[in-house]
Amino acid sequence: MLKNCIYLDSNATTKVDPEVVEAMLPYLTDYYGNPSSMHTFGGQVGKAVKQAREKVAALLESEESEIIFTSGGTEGDNAAIRSALLAQPNKRHIVTTQVEHPAVLSVCKQLESQGYSVTYLSVNRQGQLDLDELEASLTGNTALVTIMYANNETGVVFPIEQIGLRSKECGALFHVDAVQAVGKIPLNMKTSTIDMLTLSGHKIHAPKGIGALYLRRGVRFRPLILGGSQQRGRRGGTENVSGIIALGKAAELERLHIQEATAREKQLRDRLEQTLMATIPECEINGHPTQRLPNTANIGFKYIEGEAILLSLNQHGICASSGSACTSGSLEPSHVLRSMGLPYTILHGSIRFSLSRFTTEAEIDRVLEVMPGIVERLRALSPFKNDQAGWLQQQALAHR
Ligand SMILES: *Cc1c(COP(=O)(O)O)cnc(C)c1O
């Protein structure tokens with residue numbers, strides 16, 4: 001098993017912080033009571049769950065009663081969207097974007113097949129939304145605007161409060177998938193236009209399978225998961241206690257570290273990007289240069305395949321990612337980069353490095369040491385090199 005890899009894939013998942021592990025362990029061993037039980041043994045677990053809820057609430061500057069624990073980002077997104085529609089049965093329209101996570105896009109696709117209409121807002125070459133397009137799409141029939149805070153592939157950050165103001169004007173509910181923003185951008189629900197907000201534990205150094213949905217007080221809610229009266233009847237099922245304790249600890253640590261960690265990550269990320277740009281010809285940064293998360297670098301290397309770069313990096317023990325997913329045997333380029341209208345020459349050659357507070361200078365140095373050689377070798381093998389016209393024609397056919 002690989003243990004000492006250089007992990008630069010933190011937008012996919014993060015290392016569980018050892019302090020988080022330490023905080024959750026007793027709830028897998030000694031403190032196994034059910035938080036809903038009448039006895040003291042269960043009651044003390046219930047108290048710990050309440051404290052964890054307070055810590056998550058503090059990270060969002062919200063109230064404890066506004067936090068619903070979920071199984072993660074996907075459940076939070078599903079719950080928010082379904083609730084908004086069930087709570088407003090006479091409205092049949094949703095506004096979202098083309099670059100959302102599948103946890104939002106797949107739900108919207110299914111809702112379309114059930115008779116709802118969905119507007120998928122476009123983005124420009126730098127991954128930004130057009131607020132005029134948003135405004136033109138909103139009607140009295142719009143039940144929900146669901147838009148991510150920051151994109152997981154490019155790190156591009158959307159102007160959430162401006163979007164929220166426009167959504168409120170037409171009477172729509174506003175849900176934000178903030179899975180990538182939490183811990184990287186300071187959030188304050190007291191002064192925000194957001195009605196519902198999704199976060200996920202494993203993107204902020206807690207384990208997989210735990211997350212939370214913020215629900216503004218007074219916003220009508222219909223649960224996705226029905227069961228017992230846990231969590232004020234808003235999410236049935238005995239709580240994932242150890243996960244909740246972990247999420248509470250992770251939220252506390254994010255709040256504590258946010259300023260110094262994001263400044264450090266940004267400095268490392270900028271050095272990575274600038275040095276790559278300076279040492280490797282024909283590459284570019286995907287996404288807006290400044291309206292972007294501090295930890296994410298999505299870089300397009302012309303004329304080569306992102307997957308080939310990843311395999312080479314992997315041989316050096318470096319973990320990164322490409323937006324592409326292998327579906328039905330064909331390598332589909334990322335829907336996010338495609339929506340941005342990137343040219344064929346870089347669409348397939350884009351990879352993402354995503355940092356965390358555990359990333360070190362030495363790890364970035366190592367990537368900078370190996371990348372120029374990897375790109376040079378792959379370009380020497382690239383069919384583009386020998387037959388530019390043929391390669392472009394083939395790419396054009398593949399993207400009709
Ligand atoms: C990871 C991620 C999700 C899904 O969260 P899970 O906890 O893995 O279900 C949703 N949205 C975004 C933007 C993500 O990055």
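In what follows, the structure referred to is the one given above.
Note that residues are indexed from 1 along each chain, following the sequence as it is written. Where local features are concerned, this predicted model is filtered to residues with pLDDT of at least 70; where side-chain atom pairs are given and counted, the filter is 80 or more; whole-chain, interface and lining totals use all residues. Calculated side-chain values reflect all of the structure's heavy atoms, with hydrogen atoms and water omitted.

Undergrad: Is there a simple way to explain helix α8 (residues 306-315) in this structure?
TA: Quick reminder: α-helices carry 3.6 residues per turn. Residues three or four places apart thus point the same way. Burial status follows relative accessibility: with a 1.4 Å probe on protein chains alone, a residue under 20% of its type maximum counts as buried, one over 50% as exposed, and anything between as partly exposed. Each helix is a run of DSSP H or I of at least 4 residues and each strand a run of E of at least 2, with the numbering of both proceeding from the N terminus. What α8 keeps buried is the set Gly306, Glu307, Ile309, Leu310, Ser312 and Leu313. In the segment just after α8, glycine 317 is the residue with positive phi, at about 75°.

Undergrad: Help me out: how do you make sense of the pattern of salt bridges in this one?
TA: For this document, the term salt bridge refers to a Lys or Arg side-chain nitrogen within 4 Å of an Asp or Glu carboxyl oxygen. Per the counting criterion, the structure on display carries 21 salt bridges. Put simply, lysine 50 and glutamate 64 hold a salt bridge, and the shortest N to O gap is 3.2 Å. Here lysine 50, found in helix α2 (residues 40-59), pairs with glutamate 64, found in the loop between α2 and β2 (67-70); they are 14 residues apart in sequence, far enough to count as distant. For arginine 235, the salt bridge is made with glutamate 75, and the minimal N-O distance between the two is 2.8 Å. Separated by 160 residues along the polypeptide, arginine 235 in the loop between β8 (211-215) and α7 (241-279) and glutamate 75 in helix α3 (residues 73-87) bring together distant segments of the chain.

Undergrad: Is there a simple way to explain the side chain of threonine 345 in this structure?
TA: Tracing the chain through its elements places threonine 345 in helix α10 (residues 344-347). Overall, the relative accessible area of 15% leaves threonine 345 in the buried class. Beyond its immediate chain neighbours, meaning those up to four positions away, threonine 345 contacts Phe301, Lys302, Tyr303, Trp391 and Leu392. When checking whether two residues touch, look at their non-hydrogen atoms; a contact exists if any pair is within 4.5 Å.

Undergrad: Even after reading the chapter, I still don't get helix α4 (residues 102-113), so can you show me in this structure?
TA: Its 12 residues place the ends of α4 16 Å apart at the C-alpha level, agreeing with the 16 Å of an ideal helix rising 1.5 Å per residue. Backbone geometry just downstream of α4 places glycine 115 in the positive-phi region, at approximately 100°. In a helix, the anticipated span is given by 1.5 Å times the number of residues less one.

Undergrad: Can you help me understand the sheet that holds β8 in this one?
TA: Across a sheet, paired strands are connected by hydrogen bonds in the backbone, their directions being either parallel or antiparallel. One bridge is not enough; two strands pair if DSSP finds at least two bridges between them. Spatial ordering of the open sheet is given by β2-β8-β7-β6-β5-β3-β4, a layout of seven strands whose pairing is mixed. One side of each edge strand has no neighbouring strand; the edge strands of this open sheet are β2 and β4 (117-121). Each strand of the sheet is rotated relative to its neighbour by a mean of 20°, with strand direction disregarded. As defined by bridge partners, strand β6 (residues 173-177) adjoins strand β7 (residues 196-200) across three bridges and the pair is classed as parallel. Looking at the pairing, valine 176 lines up with leucine 197 of β7. Helix axes are fitted only over the stretch in contact, all axes being lines through C-alpha atoms; the angle between N-to-C directions runs from 0 to 180 degrees.

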